[in-house]
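Fold and geometry: a report
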Amino acid sequence: YVMAALVFYLAYGLLKRRFPDRTAELPPRTGDEACDALILEGRAALEQIGAHEAALDDAQLRALAASIGRQGGQILQRLQERPALAGDLRTFLRYYLPTAARLLDACVRLDGGDAAQDVRARAKEALRRVDGALSRQLAALDEYRLLDLQTDMDVLEDMLRRDGYAQPPEGGAR
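Residues numbered from 1 in each chain as written. Predicted model: local features only at pLDDT ≥ 70, side-chain atom pairs only at ≥ 80, totals over all residues. Heavy atoms only, no water.

**What to know about the overall build of the protein chain**
Assigned secondary structure in the protein chain consists of five helices and zero strands. Ordered by position from the N terminus, the helices and strands of the protein chain form the series α-α-α-α-α. A compact globule built from 174 residues would reach a C-alpha radius of gyration of about 16 Å, whereas the protein chain, at 24 Å, exceeds it by more than 25%. Judged by the C-alpha coordinates and their principal axes, the protein chain covers about 70 × 65 × 35 Å. In the protein chain, buried positions account for 29% of the 174 residues. The long-range fraction of contacts in the protein chain, counting pairs at least 24 apart against all pairs at least 6 apart in sequence, stands at 67%. Summing over all exposed atoms, the protein chain offers an accessible surface of approximately 12200 Å²; the carbon and sulfur share of this is 56%. (Helix = DSSP H or I, 4+ residues; strand = E, 2+ residues; numbered from the N terminus. Rg over C-alpha atoms; globule rule 2.2 N^0.38 Å. Buried < 20%, exposed > 50% of the residue type's maximum accessible area, 1.4 Å probe, protein only. Contact = heavy atoms within 4.5 Å. Areas by Shrake-Rupley, 256 points an atom, 1.4 Å probe, with all protein chains shown as cover.)

Written out as structure tokens, the structure reads:
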């Protein structure tokens with residue numbers, strides 16, 4: 001049995017190296033074709049950002065790329081949950097993310113000259129601004145989500161009281 005286990009683990013290790021794990025991201029199915037297309041565009045931009053992140057030699061740029069990618073992914077998740085937000089997020093997904101990807105691509109391709117350093121510094125500042133904008137947008141989406149949840153809870157409480165399943169709050173009616 002020991003020999004069989006050893007052969008199994010050896011074969012498993014070799015096959016794992018030969019055929020690495022692959023994950024396929026399913027196409028979005030929000031019920032809104034325009035929203036699905038927007039999500040696919042956003043995913044493509046995030047994929048480019050991730051590829052550029054791995055190729056960057058500047059730690060600050062890598063951190064910015066990682067943050068933009070993480071927040072962009074969270075925004076895409078919120079959009080997939082709530083397709084009605086497509087109009088509000090269109091600019092982020094069609095302009096900010098692809099522009100961030102192009103800036104990162106330029107930073108990867110720049111050589112080390114003085115002019116390149118100036119361009120890299122400007123690109124870094126622009127990416128900081130995009131990162132900040134994504135952060136603010138994500139906070140606004142979370143606030144919207146909380147407000148929506150509070151509204152749902154208020155409606156539930158009112159319905160329970162109206163149907164006689166709950167007592168009115170102390171201090172009178174709301």
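That covers the picture; the talk isn't over yet.
**Notes on the packing of helix H2 (residues 33-55) against helix H3 (residues 59-81)**
Where H2 meets H3, the axes come as close as 9 Å, and the angle between the chain directions of the two elements is 165 degrees. With respect to their mutual orientation, H2 and H3 come out roughly antiparallel. The crossing of H2 and H3 is left-handed. Across the interface between the two elements, Cys-35, Leu-38, Ile-39, Gly-42, Arg-43, Leu-46, Ile-49 and Glu-53 of H2 pack against Arg-62, Ala-65, Ala-66, Ile-68, Gly-69, Gly-72, Gly-73, Leu-76, Leu-79 and Gln-80 of H3. (Axes fitted to C-alpha atoms, helices over the stretch in contact; angles between N-to-C directions. Parallel < 35°, antiparallel > 145°, perpendicular 65-115°, else oblique. Left-handed = near helix turned anticlockwise from the far one by under 90°.)

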